[in-house]
Amino acid sequence: MSVLVYTESEEGKFKKTALEVASYAKGVADMLGTGVTAVTFNAGDTSELGKYGVSKVLKVNSDKLKKFNAKAYTDALKQAVEKEGSKVVVLSQSANAKYLAPLLAVQLEAGYASNVVALPESTDPLQVKRTAFTNKAFNFTNITTDVKIIGVSKNAFGLKESSAELSEEEFSPNLSDGDFSVEVVSVDKAADKVTIADAEIVVSGGRGMKGPENWGMLEELAETLGAATACSKPVSDMGWRPHSEHVGQTGKPVAANLYIAIGISGAIQHLAGVNASKTKVVINNDPEAPFFKAADYGIVGDAFEVVPKLTEKLKKFKSDNA
Amino acid sequence: MKILVCISHVPDTTSKINFTEGDTKFDTNGVQFVINPNDEFGLTRAMWFKEKQGATVDVVNVGGAETEPTLRKALAIGADSAIRVNTPATDGIYVAKQLAKVFKDGGYDLVIAGRESIDYNGGMVPGMLAGLVGANFVNTCIGLEIEGNEATVIREIDGGKETLRAALPLVIGTQKGIVEESDLRIPNMRGIMQARKKPMNVVEPIETNTNTEAVKFEKPEPRGDIKMIDPENLDELVDLLHNEAKVI
Ligand SMILES: Cc1cc2nc3c(=O)[nH]c(=O)nc-3n(C[C@H](O)[C@H](O)[C@H](O)COP(=O)(O)OP(=O)(O)OC[C@H]3O[C@@H](n4cnc5c(N)ncnc54)[C@H](O)[C@@H]3O)c2cc1C
């Protein structure tokens, strides 16, 4: 009956979102009076999960599952849910989790609510609060099935420590050839770059940056802050930056702790995608730019002057506080 | 090759989002509806297959009669025929089950859907459809080539991309990147005239369950006032980010 949580890892290490969904699962388990079981795939040391309320880990170790494969992971998770008799499954909203969640929902005949931002409002019926209309509204949804899947938005719940006695168990799901009917041929991932999905801080540039040759200063600012770089839609449409950096309603969603928008006007479609970020800073030379109405801190000024100066100040701050 | 493109009928991205009937219904008053942007990228790729490799392209929507202008627009862009399953799109599984029926009846090789619709942002219909009919599925697809019975798909992952191979039938959830913004087509007069004559097949829904129920809506709290910082005094910003916002 435990709450089952899919805790994602990379190169054997847990992602921050894994600890966040574990914290969330613990919150749900407390409401239901049960414990939390985590499923891990080729993770190394799992003791960290104990700090966020997980009491049992089902460790899947398999060479076949080295690369994420949605169908095979779905099958493994389904078997874990059945083994534990879980009624609630919690997962993140990473690209991989969003990929497998609907497949898992079909397998388990479970109702699935995505983009959930808070602990359930009630458990009977199970009602969750989720974002809709790309962050322009919230929507309260009842999940009416026996087994329920909750996809938790990044950074919405945060990390909550609560130590639990952790037990581990090897778990070997039965996988069939059919599970690998979609074959992963190659993975192309920049190893050293902070991704928008994982970043705590995002530095984003718009058309006001005038051209791709000016991105050096944004990259330097981002590097100083350990941030990911992002951009507005026209910037990616013009090929100044790759599509993968396009954020907004039709691009990636951003839910960072700090979002710094530089030379971005703040069109409604842009704001919709980034306003789940906690703190927003706007640097724009036009005091009438709409983004100033949607931000926490604003600087009216020329990005080409402000950004290098800000980077210097932050470098000094970092070295003073190191 | 037979392609089915799922078309979600959504409020234009500039719409003001309001609710009626005690915050239980989306207020469509004065709202302009469009093809869901993610679906439009997919439809454009489907047109490429039609023109370059030979394919028929049907578009489908699960929804009431009010969605027909959106389907007509897809026909004007170049789809061959439209199917409307005559029922409100109640929840993800309900829509996926209606689409599964259309998929089986039509014998499609490829289904292209947007990775999510910009209204409910469920992000589940394409995957559920694939799961229901036992087709292969790739989400956040940003590249698709098909040769014979085999597809090579590029999927966007967090921080990079991945190349996958899968046999047809295949369902993809797609987004910008599968084609460029500049590839999108604005229907011309000829397309609009032709679209009027293309089939709009209205089919009745199958009886099936829902798994979730949208109970009510809420608008976000209005945010507090912005603090303006003098560009000559960036120390203040650093201080505020550290001590007030606590984000650095
Ligand atoms: C269907 C649809 C979907 C869309 N989806 C998205 C989306 O997902 N994401 C997105 O971003 N957009 C999206 N858009 C586009 C959106 O409407 C805007 O056009 C876009 O966000 C504007 O990008 P921008 O702010 O970079 O450019 P602009 O609006 O041109 O703004 C540039 C800003 O830079 C400022 N500036 C200029 N020079 C300087 C300087 N030296 N220093 C400081 N500031 C300077 C200007 O004052 C201006 O405010 C979408 C549009 C449509 C129709």
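Residues numbered from 1 in each chain as written. Chains lettered and ligands numbered in written order. Predicted model: local features only at pLDDT ≥ 70, side-chain atom pairs only at ≥ 80, totals over all residues. Heavy atoms only, no water.

Trainee: Just checking my understanding: could you explain unusual backbone geometry for this structure?
Mentor: Trans peptide bonds make up the majority, and among non-glycine residues the majority have a negative phi. In this structure, Pro-125 of chain A follows Asp-124 of chain A across a cis peptide bond, with omega equal to 0 degrees. You can see Pro-125 of chain A is positioned in the loop between strand S8 (122–123) and strand S9 (126–132). Cis peptide bonds are those with omega within 30 degrees of zero, and the linkage from Leu-168 of chain B to Pro-169 of chain B qualifies with 0 degrees. Inspection of the secondary structure assignment puts Pro-169 of chain B in the loop between strand S11 (160–167) and strand S12 (170–174). Of note in this structure, Phe-133 of chain A is not a glycine but carries a positive phi near 50 degrees. (Helix = DSSP H or I, 4+ residues; strand = E, 2+ residues; numbered from the N terminus.)

Trainee: For this particular structure, what's the right way to read the sheet that holds strand S10 (residues 150–157) of chain B?
Mentor: Strand pairing in a sheet relies on backbone hydrogen bonds. The paired strands run either parallel or antiparallel. With respect to topology, ten strands assemble into an open sheet ordered S13(A)-S11(B)-S10(B)-S9(B)-S12(B)-S8(B)-S1(B)-S6(B)-S7(B)-S13(B), the strand pairing being mixed. The strands lining the two open edges of the sheet, one partner per strand, are strand S13 (182–189) of chain A together with strand S13 (200–203) of chain B. The sheet shows a mean angle of 30 degrees between the axes of neighbouring strands, direction not considered. Alignment of S10 of chain B against S11 of chain B, held across eight bridges, turns out to be antiparallel. By the bridge assignment for S11 of chain B, Glu-156 of chain B is matched with Lys-161 of chain B. Lying on the sheet, helix H2 (residues 68–77) of chain B is in contact with strand S6 (56–62), strand S7 (81–85) and S13 of chain B; it crosses S7 of chain B at an angle near 160 degrees. (Pairing = 2+ DSSP bridges. Axes fitted to C-alpha atoms, helices over the stretch in contact; angles between N-to-C directions. Contact = heavy atoms within 4.5 Å.)

Trainee: How should the site of the ligand be read in this particular structure?
Mentor: The environment of the ligand is made up of 27 residues, and the closest members are Ser-232, Ser-265, Gln-269, His-270 and Asn-284 of chain A. Chain contributions to the surroundings of the ligand come from chains A and B. Residue Lys-210 of chain A places a side-chain N or O atom 2.8 Å away from a nitrogen atom belonging to the ligand. Between an oxygen atom of the ligand and a side-chain N or O atom of His-246 of chain A, the distance comes to 2.9 Å. (Near = heavy atom within 4 Å. Polar contact = N/O pair within 3.5 Å; in protein donor to acceptor, adjacent residues only side chain to side chain.)

Trainee: I would appreciate a short explanation of the domain arrangement of chain A in the present structure.
Mentor: It is common to report an interface's size as the accessible area lost on association of the parts. All names here are of chain A. Along its sequence, chain A is carved into domain 1 (3–180) and domain 2 (201–320). With centres defined by C-alpha atoms, the gap from domain 1 to domain 2 works out at 32 Å. Taken together, the contact pairs five residues of domain 1 with ten residues of domain 2. Ranking the residues of domain 1 by area buried against domain 2 places Thr-134, Asn-135 and Asn-155 at the top, with a combined share of 64%. Where domain 1 touches domain 2, the interface holds zero salt bridges. Where domain 1 touches domain 2, the interface holds five residue pairs in polar contact (both at pLDDT 80 or more). Per-class residue counts for the side of domain 1 that touches domain 2 are no nonpolar, three polar and two charged. (Domains from an automatic or database assignment. Buried area = accessible area lost by both parts, 1.4 Å probe. Salt bridge = Lys/Arg side-chain N within 4 Å of Asp/Glu carboxyl O. Nonpolar A, V, L, I, M, F, W, Y, C, P; charged D, E, K, R; others polar.)

Trainee: How do you make sense of the side chain of Gln-98 of chain B when you look at a structure like this?
Mentor: Residue and element names in this part refer to chain B. Within the secondary structure, Gln-98 is located in helix H3 (residues 92–106). Under the relative-accessibility criterion, Gln-98 is labelled buried at 2%. Setting aside residues up to four positions removed in sequence, Gln-98 forms contacts with Val-62, Val-85, Thr-87, Pro-205, Ile-206 and Thr-208. (Buried < 20%, exposed > 50% of the residue type's maximum accessible area, 1.4 Å probe, protein only.)

Trainee: Looking at this structure, how should I read the environment of Glu-68 of chain B?
Mentor: Residues and elements named next belong to chain B. Residue position: Glu-68 is located in helix H2. Separated by 32 residues in sequence, Glu-68 and Ala-100 place their C-alpha atoms 20 Å apart. Contacts of Glu-68, omitting those with residues within four sequence positions, involve Arg-84, Met-200 and Val-202.

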